[in-house]
Amino acid sequence: MAAAPQSDTQPEVVGSIAPPQRGEFSLQTERVEKLAARLESAGDPEIRATALDLVQSIVELHGAALQRLVDSLLQTPAGEQALNEALENDLVSSMLLLHNLHPDDIETRVLRGIEKVRPYLKSHGGDVDLTGVRDGIVHLRLHGTCGSCPSSSITLKNAVEDALFEVAPDIIEIVSENIVATAQSGPQLVTIK
């Protein structure tokens, strides 16, 4: 299997804390989407249909095998522990989510993503709290410097959004209320789609 393409941009490093990077699943998903687009534009409709059917069959085969694996692991406490440890790997977690086999709900996964990005936000004098998840829409509250500085929406987009979509790509929208230092300005809503 070919290695995932490397990014040309270097992450901003603050002390020893760098923003979360896009995961292997996201990079491979982009590659799959590009290859699927090439298939869609293939000149011969019969070859295109056969290739797409082949891809769909492989995805279904992998899904069925993963379902059996998850079912088997959930039979024993040791298997459940092994599954939980495997879910800490973003690629494994994303693959199970792709096949609707992930045992954690969206809110649990969002909380996991927040914990991953929290050290980076704190290094910028900010923090984030989850205020709720309803119908795939995640509601957050940014605090401190991160919530009141002019670049807070950039921080949200580049750090929080990436971390959350990595663990929960089924998010529909992220809505953030920024807590501003002065009471006169009031909360500011930032919507990311």
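Right above here is the structure, for reference.
This text gives an overview of the structure that appears in the document. It should be emphasised that the depicted structure is a prediction, and the values quoted were computed from it without experimental measurement.

## Some details on the environment of Leu142
Along the chain, Leu142 turns up in strand E2 (residues 137–144). By relative accessible area, Leu142 is classed as buried at 0%. Counting along the chain gives 13 residues from Leu142 to Asp129, while the straight-line C-alpha distance between them is 6.6 Å.

## Brief notes about the pattern of salt bridges
Evaluated as defined, the whole model comprises 6 salt bridges. Between Asp104 and Arg112 there is a salt bridge, and its shortest N-O distance comes to 2.6 Å. Connected through shared salt-bridge partners, Glu115, Arg118, Lys122, Asp127 and Asp129 make up one network.

## Structural notes on the environment of Ala64
Checked against the element boundaries, Ala64 lands in helix H2 (residues 45–73). Among the residues examined, Ala64 registers a relative accessible area of 42% and is labelled partly exposed. Each C-alpha atom of the pair Ala64 and His99 lies 8.8 Å from the other, and the pair is 35 residues apart in sequence.

## Describing unusual backbone geometry
Its identity is not glycine, yet Asn100 carries a phi of approximately 55°, on the positive side. Here Asn100 lies in the loop between helix H4 (90–98) and helix H5 (106–123). We note that Asp135 has phi near 55°; this positive angle belongs to a residue other than glycine. Topologically, Asp135 is positioned in the loop between strand E1 (126–134) and E2. Judged by relative accessible area, Asp135 falls into the exposed class, the value being 72%.

Analysis parameters
- Residues numbered from 1 in each chain as written.
- Predicted model: local features only at pLDDT ≥ 70, side-chain atom pairs only at ≥ 80, totals over all residues.
- Heavy atoms only, no water.
- Helix = DSSP H or I, 4+ residues; strand = E, 2+ residues; numbered from the N terminus.
- Buried < 20%, exposed > 50% of the residue type's maximum accessible area, 1.4 Å probe, protein only.
- Salt bridge = Lys/Arg side-chain N within 4 Å of Asp/Glu carboxyl O.

Everything listed here is a matter of geometry and, on its own, says nothing about what the molecule does.
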